[in-house]
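The residues making up each chain are set out below.
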Amino acid sequence: MNTVLIFAIISGVNLYYVKDSPDLLVRISSEIQVENLILYYSFSGVDWDSVVVGRKGGLFETQLKSPDIQLIKVIGFYFTYANGETDDNNGGLYLYELSIYPRILMPFSLKDFEVIIKQARKKIVSHTHVSEAVRLLDYVGDILQVVPYIKDALSGSERNRLLIEVDDLKSKISR
């Protein structure tokens with residue numbers, strides 16, 4: 001594939017696949033006038049890595065080496081500026097679902113999953129399209145298992161709440 005798939009987030013964070021590679025390019029545009037920031041990233045769970053990213057013109061840019069992309073479904077990140085300010089997407093982290101075949105970077109949030117769970121609940125309660133509800137809950141449950149989060153932070157408690165909700169709905173189906 002000769003093209004690079006791009007998805008821009010309104011907040012000034014852009015994530016790209018590097019051409020002919022499973023690696024990711026992160027670009028951050030910012031009005032904050034500092035020379036560098038620390039980008040924290042996780043390909044799953046609570047294990048976080050970090051990299052210092054310098055300013056290149058008006059952007060901060062770094063390339064992240066992807067682990068075995070066949071096994072990785074999600075990346076999450078946040079960053080801290082040299083002046084101490086943190087951008088964690090208002091407590092929700094920057095989250096992307098990854099697919100190498102086809103090459104897709106799909107941004108999502110835990111709020112998106114709330115909507116999906118609400119749709120599944122509606123289907124279960126009305127006893128219509130219950131099989132669709134099961135598939136939705138399976139999808140959300142699978143992704144939530146690998147969604148990066150910060151332990152003891154809003155993202156962690158929200159993730160856990162949604163997992164409980166998914167399990168509760170699944171148990172209602174199997175009764």
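Anyway, here's the lowdown on the structure attached to this text. (Residues numbered from 1 in each chain as written. Predicted model: local features only at pLDDT ≥ 70, side-chain atom pairs only at ≥ 80, totals over all residues. Heavy atoms only, no water.)

**Thoughts on the packing of helix α2 (residues 130–146) against helix α3 (residues 154–173)**
To be explicit about the condition: A fitted line through C-alpha atoms serves as each axis, taken over the contacting stretch for helices, and the angle formed by two N-to-C directions is quoted from 0 to 180°. Secondary structure elements are defined from DSSP: runs of H or I of at least 4 residues count as helices, runs of E of at least 2 residues count as strands, and each element is numbered from the N terminus. Convention used here: angles under 35 degrees read as roughly parallel, angles over 145 as roughly antiparallel, angles from 65 to 115 as roughly perpendicular, and any remaining angle as oblique. Each crossing gets its hand from how the near helix is turned against the far one by less than a right angle, where anticlockwise is left-handed and clockwise is right-handed. Here, residues are in contact when the closest pair of their heavy atoms is within 4.5 Å.
One can describe the packing of α2 onto α3 by two numbers: an axis separation of 10 Å at closest approach and a directional angle of 150°. Our classification of the angle between α2 and α3 gives roughly antiparallel. Classified by chirality, the crossing of α3 by α2 is left-handed. In this structure, α2 contributes Val130, Val134, Leu137, Asp138, Val140, Gly141, Leu144 and Gln145 to the contact, and α3 contributes Arg159, Leu162, Leu163, Val166, Leu169, Lys170 and Ile173.

**Focus on the environment of Gly45**
Residue placement: Gly45 occurs in the loop between β4 (36–42) and β5 (49–56). Sequence separation between Gly45 and Lys73 is 28 residues; the distance between their C-alpha atoms is 11 Å. When residues no more than four places from it in sequence are discounted, the contact partners of Gly45 are Val146, Val147, Pro148 and Tyr149.

**Examining the packing of aromatic side chains**
In plain terms, the rule: Between 30 and 60 degrees the pair is tilted, below 30 it is stacked and above 60 it is edge-to-face, where a pair is any two Phe, Tyr or Trp rings, Trp via its six-membered ring, whose centres lie within 6.5 Å.
Tallying each qualifying case throughout the model produces 10 aromatic pairs. Arranged with centres 4.8 Å apart and planes meeting at 15°, the rings of Tyr40 and Tyr78 form a pair that is stacked. Note that Tyr40 is positioned in strand β4 and Tyr78 in strand β7 (residues 74–81), a separation of 38 residues in sequence. Ring geometry for Phe77 against Tyr94: centres 5.6 Å apart, planes inclined by 20°, an arrangement best described as stacked. Remark: Tyr94 occurs in strand β9 (residues 94–99) and Phe77 occurs in strand β7; sequence separation between them is 17 residues.

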